Amino acid sequence: MLDALLERFRQGDRRALAQLLSLAARGDQLETILDRLGLPAKPSRVVAFTGSAGVGKSTLIGRLIDVLRKQQTTVAVLACDPQSPLSGGALLGDRVRMPSNPDDGVFIRSLAAAPGQGVLAGHLDALVRITEAFSFDNVLIETVGAGQGDTDVRDLADVVVLLFQPESGDDIQGEKAGLLEIADVVVIHKSDLPGAEKTESQLQMALHLSAHTANVPILRVSGRTGEGIDALWSAVQACPLRRNHLSVSSRALLRLVRENLESRLSQTEANHDPAWLAILEQWRQGTLSNTQAVAAAWKLLRSVN
């Protein structure tokens, strides 16, 4: 079944793309899928859009899709929505604010981010790889920037666009030491609302606190009026691509190593391996240091078939 699905995928079947993304999102046959796909001949430009809930990320991405299609470039959107810790559900309403009739050059996929695992959907790195293998020119990631610790998206994207809206004073202070430091482009969205000028001044002050962020551009953009949309994409294109063939390959290999070790660890635990239990006990009691325990665990797991 997977062979047939991959063959349809290689022939440009969008339904096969959707099915592979579903498998990968669940972690089902993930290693096999990525191994069979290999690395993309031409990596996509991966751009992450993050910011507080309600700042208008989906609306802005919808506008950018129009720009990209007019440029005759293709685009895939991977939109992450937080999953409720109580019901397990996620709103996944991103498509409501994106083009209602996307053409063959547009693909939009909503993804649920499990509670307790940050704001990124599970296996998002693999999902990016799959969309790249489908030869999209651009992959746009949407995620809620919920706090200073939610900066992992930088490792997946070439460019990070951080959104604020007028009168975001407290949000700026809260994100000054986290998301603001990883932004390649800062956007004041809904800039047609009162307070945009004040918010821009606050952001300039925050960015100039660090030499690392002093030259990050700040753009006023309105998804409602279309103001600044073209300028935003020009700013994104002006950013050097953080990812390259070497970094993409390194992350892919690291993921394979990690998954292989996790598989061996699961097998070792399931067998109640005495050697593994001894390492755990010695580490717990402090007779093995962290470095010694890691070395012992690595040696043991390497021996597991």
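Please refer to the structure higher up on the page.
Below you will find a few notes about this structure.

Definitions and cut-offs
Residues numbered from 1 in each chain as written. Predicted model: local features only at pLDDT ≥ 70, side-chain atom pairs only at ≥ 80, totals over all residues. Heavy atoms only, no water. Helix = DSSP H or I, 4+ residues; strand = E, 2+ residues; numbered from the N terminus. Buried < 20%, exposed > 50% of the residue type's maximum accessible area, 1.4 Å probe, protein only. Contact = heavy atoms within 4.5 Å. Areas by Shrake-Rupley, 256 points an atom, 1.4 Å probe, with all protein chains shown as cover. Polar contact = N/O pair within 3.5 Å; in protein donor to acceptor, adjacent residues only side chain to side chain. Axes fitted to C-alpha atoms, helices over the stretch in contact; angles between N-to-C directions. Left-handed = near helix turned anticlockwise from the far one by under 90°. Nonpolar A, V, L, I, M, F, W, Y, C, P; charged D, E, K, R; others polar. Core = buried A, V, L, I, M, F, W, Y, C linked by side-chain atoms within 4.5 Å. Domains from an automatic or database assignment.

## What to know about the overall build of the chain
- When you go through the chain residue by residue, the secondary structure sums to 12 helices and 7 strands.
- Looking at the 305 residues of the chain, the share that counts as buried comes to 44%.
- Relative to all contacts within the chain whose residues are 6 or more apart in sequence, the contacts with residues 24 or more apart total 76%.
- Accessible surface, the chain as shown: approximately 15,500 Å² in total, 51% of it carbon and sulfur.

## What to know about unusual backbone geometry
- Even without being glycine, Lys190 reaches a positive phi, approximately 55 degrees.
- Tracing the sequence through the fold places Lys190 in the loop between strand 6 (185-188) and helix 8 (196-207).
- Positive phi values are uncommon outside glycine, yet His272 reaches one of about 50 degrees.
- Relative to the helices and strands, His272 is located in the loop between helix 10 (245-270) and helix 11 (274-285).

## So, the environment of Arg264
- Here Arg264 is to be found in helix 10.
- The class of Arg264 is partly exposed, set by a relative accessible area of 22%.
- Separated by 36 residues in sequence, Arg264 and Leu300 place their C-alpha atoms 9.5 Å apart.
- A polar contact of 2.9 Å, which involves the side chain of Arg264, links it to the side chain of Asn260.
- From its side chain, Arg264 meets the backbone oxygen of Arg302 in a polar contact 2.9 Å long.

## Some details on the packing of helix 3 (residues 30-37) against helix 5 (residues 124-133)
- Look at helix 3 against helix 5: their axes get within 11 Å of each other, and the N-to-C directions meet at 30 degrees. For the pair helix 3 and helix 5, the crossing hand works out as left-handed. In contact with Leu30, Ile33, Leu34 and Leu37 of helix 3, helix 5 contributes Ala126, Arg129, Ile130 and Ala133.
- When its residues are assigned to classes, the contact of helix 3 with helix 5 shows 7 nonpolar, no polar and 1 charged.

## Some points on the nonpolar core
- Core analysis: the biggest nonpolar cluster contains 50 residues, and Leu20, Leu124, Ile130 and Val186 have the highest contact counts within it.
- Considering each element in turn, this core owes the most residues, 6 residues, to helix 2 (residues 14-26).
- Both domains that furnish three or more residues to this core are identified here as domain 1 (1-38) and domain 2 (41-239).
- Setting aside its immediate chain neighbours within four residues, Leu124 contacts Leu78, Cys80, Leu111, Ile141 and Leu156.
- In this structure, Phe49, Val106, Leu219 and Val236 belong to the second largest nonpolar core, which totals 28 residues.

## Comments concerning the environment of Ala183
- Turning to its location among the elements, Ala183 is positioned in the loop between helix 7 (179-182) and strand 6.
- A residue is classified by how much of its surface remains accessible, and Ala183, at 5% relative accessible area, is buried.
- Excluding residues that lie within four positions of it along the chain, Ala183 makes contacts with Val160, Leu162 and Val216.

## Comments concerning the environment of Ser110
- Within the secondary structure layout, Ser110 lies in strand 3 (residues 106-113).
- In this structure the C-alpha to C-alpha distance between Ser110 and Val77, which are 33 residues apart in sequence, comes to 8.1 Å.

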